[in-house]
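# Architecture at a glance
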Amino acid sequence: MKTSNLGYPRIGKSREWKRTLEAFWANTITEKEFHAQMKSRRLEHLQAQSEKGIDLVPTGDFSYYDHVLDTAAMFGLVPERFAYDGGPVPLSTYFAMARGEKGAQACEMTKWFDTNYHYIVPELEQCAPKLVDNKPLRDFLEAKRELGLHTKPVILGPFTFVTLAKGYQPEQFASLLQRFIPVYQQMLQELAAAGATIVQIDEPALVLDITKEEMALFTATYKEIAQHVPELALILQSYFEAVTHYQELIALPVAGFGLDFVDGREANLAAIQAYGFPADKILAAGVIDGRNIWRSDLEKSVDLLKQLSDIIPFERQMIQPSSSLLHVPVSVRQETELDPTIKASLAFCDEKLDELTLLKDVISGAASKEKIAAHQQSYDELIRSDWRKKQEPDAVRAKRTSSFQTRYELQQQKWQLPLLPTTTIGSFPQTKEIRNIRAQWRKNECSTADYQARIQAEIQKWIAIQEEIGLDVFVHGEFERNDMVEFFGEKLAGFTFSKNGWVQSYGSRCVKPPIIYGNVAYTGPMTVEETVYAQSLTSAPVKGMLTGPVTILNWSFVRNDIPKQEVAFQIAAALLQEVQALEQAGITMIQVDEPALREGLPLKKAKRNDYLHWAVEAFRRSTSAIADTTQIHTHMCYSDFADIIEAIDALDADVISIETSRSHAELISAFEHNVYDKGIGLGVYDIHSPQIPEVGEMLALIERALAVLPPSLFWVNPDCGLKTRTEAETVAALTNMVKAAKAARAKMLSTR
């Protein structure tokens, strides 16, 4: 039995990767220095895995931004607007595709399957792939040359790459896939010639509800690829769920298959037991959770491997995480302030690699009884603690008293907003000064009075800016918040926080998810003080800003001993008390954001109705026991609206805003076939790009939306919060947005 890893976190133990990236973007280091620093990071990660005793260390998983973007660049697939003229893609063009540049909008960014990682969506309108840069080969040779390591190259497979791309019609899928076969063959042949022996080809699309016809295309693709590289052991790797067409998969002429035995445990195990496993193939068994941070139940993992050994001998098993460890922090060792019981129950990336080695030793008989017992005791202690005592659910109301139409009329009378009201999603720029004073306050280097005065000064400044710009509905700016989930977790029972538990979200954007270790409960007002202060400065309505229960759940590392819906309902009960506290304080326009509702949608369609049922109920539990005149807003990111339009309608929010600027036309087309009869704002500019949108661009987006949406229900807003933008960018973009809204308003009024 060998141990294998699928991918290592790029960001490093102290986010060194992020700092290098941002230094390059800020022009404080040269391109040569950038490459040198990134190489150092890359080699450190390989060395760390080797020292943990991992038999098959991956290369090719390290990226300057995103592995899907890497694949597009490797094949020279650059949209025309970036003026690429062939050959290896320049670094400037690579980053322009991810971030945009003057005159060229960034490529669309969306969630990687059901995770909180974002990938850059390939565009295949003019698809003529060529191998302009064999990145897997470069990384393989570098590891051999610099460290003497014989690694396992990792590449994103053609079927998943084309599935995740855009710019083609469904009937073109087969012909597009065929175009990639020669370049994959060339890439693999060059790896084989350089001495590679085993290659991991990631095909997570295998766990989606692909049709028999699509699986036939997959089969034909790999039969053709495999026959040109008979000397390579190809491992087709899936993760995040069970594979859909198991029998067809195991018939392929490759060396082995990677299956997820965490998220796909039951179905994958049942398939092996029902249909067997080829006697000449390798099973790469994902038995360590690659997406959550809890220590493994060693007894359960050993039992699983023994069940598998009844069919697949241990010598033909590789044990590995269920997915790339990109989704977890690097090491628990740096966490010096966690409760000892909680810390002992955690396993970040490095600890998961230790678990793989221990598991291998248990199977081989090399692990001592004391070591096994110590591991299991650390696992059991938190499970049995008072923090996780079983709770009986409270009786709650999960429905507004009146219909939307009744509420709408009452709210219109109350607010007297103009046609096409303008607002923002919530956050304003978090300057270095604000971050510093917040950090000082947390370290007791600044008094609470001084800290609050500084936050109030920033709120006052931005209320004045919103007045000057001419927005219709204001926000307080969220300057007291480090993160939209962490902020609430810090004020609720059942949450704890790491000091360095960072994971990559997109590009250099890293997040530090809260850890839900026990029962969640409300402990007191969380947002009332800042919101009431902001409202005291203006006659315009100021929205209260909360993060919704499903997003807090999906953007946290969640306890895994009870169903997720139970945790969601606990969070909802706590948030309802905050909604009511805001209402009682006179804040009656409240936004409860659910940007992560769509990303939690199960990959298998058969499981979606159950998820959407409890996700919708959780939102409604947090927003229903309030007055008709209290207007509930919500916000969603990266939503394939058509997939969940019924669930979004069932949320019964008075106004929903949706991220859409990078895929505006695609989303609007959903409304041509589906009716949505509540307030809605489709983001009119991309906040992830530093480019300032023109008035005409946003006016065109507004008018396109109004062709299918009722003007009386339409709001104008940016895609998302503006926390990551500068003050100058924010003011300029919002000024243009208000001008665009006023121009659209004037056109409509002139034709009435």
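Located above this text is the structure these notes cover.
The paragraphs below set out a description of the structure included in this document.

About the criteria used
Residues numbered from 1 in each chain as written. Predicted model: local features only at pLDDT ≥ 70, side-chain atom pairs only at ≥ 80, totals over all residues. Heavy atoms only, no water. Salt bridge = Lys/Arg side-chain N within 4 Å of Asp/Glu carboxyl O. Helix = DSSP H or I, 4+ residues; strand = E, 2+ residues; numbered from the N terminus. Buried < 20%, exposed > 50% of the residue type's maximum accessible area, 1.4 Å probe, protein only. Core = buried A, V, L, I, M, F, W, Y, C linked by side-chain atoms within 4.5 Å. Contact = heavy atoms within 4.5 Å. Pairing = 2+ DSSP bridges. Expected span 1.5 Å × (residues − 1). Axes fitted to C-alpha atoms, helices over the stretch in contact; angles between N-to-C directions. Parallel < 35°, antiparallel > 145°, perpendicular 65-115°, else oblique. Nonpolar A, V, L, I, M, F, W, Y, C, P; charged D, E, K, R; others polar.

## Points about the pattern of salt bridges
- According to the stated counting rule, one finds 35 salt bridges in the structure shown.
- With a closest N to O distance of 3.2 Å, Arg-291 and Asp-114 form a salt bridge. Within this pair, whereas Arg-291 is found in the loop between strand 9 (282-288) and helix 11 (298-309), its partner Asp-114 is found in the loop between strand 3 (109-111) and strand 4 (118-120), the two being separated by 177 residues in sequence.
- The partner of Lys-747 in a salt bridge is Glu-703, with the nearest N and O atoms 2.9 Å apart. Of this pair, Lys-747 sits in helix 26 (residues 727-750) while Glu-703 sits in helix 25 (residues 695-706); the two residues are 44 residues apart in sequence, bridging distant segments of the chain.
- Classification of Lys-747 by relative accessible area gives partly exposed; the value is 44%.
- Under the relative-accessibility criterion, Glu-703 is labelled partly exposed at 33%.
- One continuous salt-bridge network, built from bridges that share partners, spans Arg-400, Arg-407, Asp-652 and Asp-654.

## Focus: the nonpolar core
- Formed by 108 residues in total, the largest nonpolar core has its most connected members in Trp-112, Leu-124, Phe-161, Phe-180, Leu-188, Leu-249 and Phe-261.
- Looking at this core element by element, the count peaks at eleven residues for helix 7 (residues 173-193).
- If near-sequence neighbours (up to four positions away) are discounted, Leu-249 is found in contact with Leu-206, Met-215, Phe-218, Leu-236, Val-243, Phe-257 and Leu-259.
- Among the nonpolar cores identified, the runner-up in size contains 100 residues, and Met-545, Ala-596, Leu-709 and Val-716 belong to it.

## Topic: the sheet that holds strand 18 (residues 631-636)
- Taken in spatial order, the six strands line up as 15-17-18-19-20-21 in an open sheet, and their pairing is parallel. Looking along the sheet, the strands with just one partner apiece sit at the ends: strand 15 (544-547) and strand 21 (714-715).

## Considering helix 2 (residues 31-51)
- Over its 21 residues, helix 2 extends 30 Å from the first C-alpha to the last, a length consistent with the 30 Å expected when each residue adds 1.5 Å.
- What helix 2 keeps buried is the set Phe-34, Met-38, Arg-41, Arg-42, Leu-43, His-45, Leu-46 and Gln-49.
- Check the buried side of helix 2 and you find it contacts helix 1 (16-25), strand 2 (58-59), helix 4 (91-99), helix 5 (135-147) and helix 13 (349-364).
- Phi turns positive one or two residues past the end of helix 2, at Gly-53, with a value near 90°.

## Quick word on helix 21 (residues 564-584)
- Look at helix 21: 31 Å from first C-alpha to last across 21 residues, which is about the 30 Å you get at 1.5 Å a residue.
- At the C-terminal side of helix 21, Gly-586 shows a positive phi close to 95°.

## Here we look at the packing of helix 10 (residues 265-275) against helix 11
- At a minimum axis separation of 11 Å, helix 10 and helix 11 run at an interaxial angle of 25°. Looking at the two axes, helix 10 sits roughly parallel to helix 11. Here Arg-265, Leu-269, Ile-272 and Gln-273 of helix 10 come into contact with helix 11, specifically with Lys-300, Asp-303, Leu-304, Gln-307 and Leu-308.
- Class assignment of the residues belonging to the contact of helix 10 with helix 11 gives a composition of four nonpolar, two polar and three charged.

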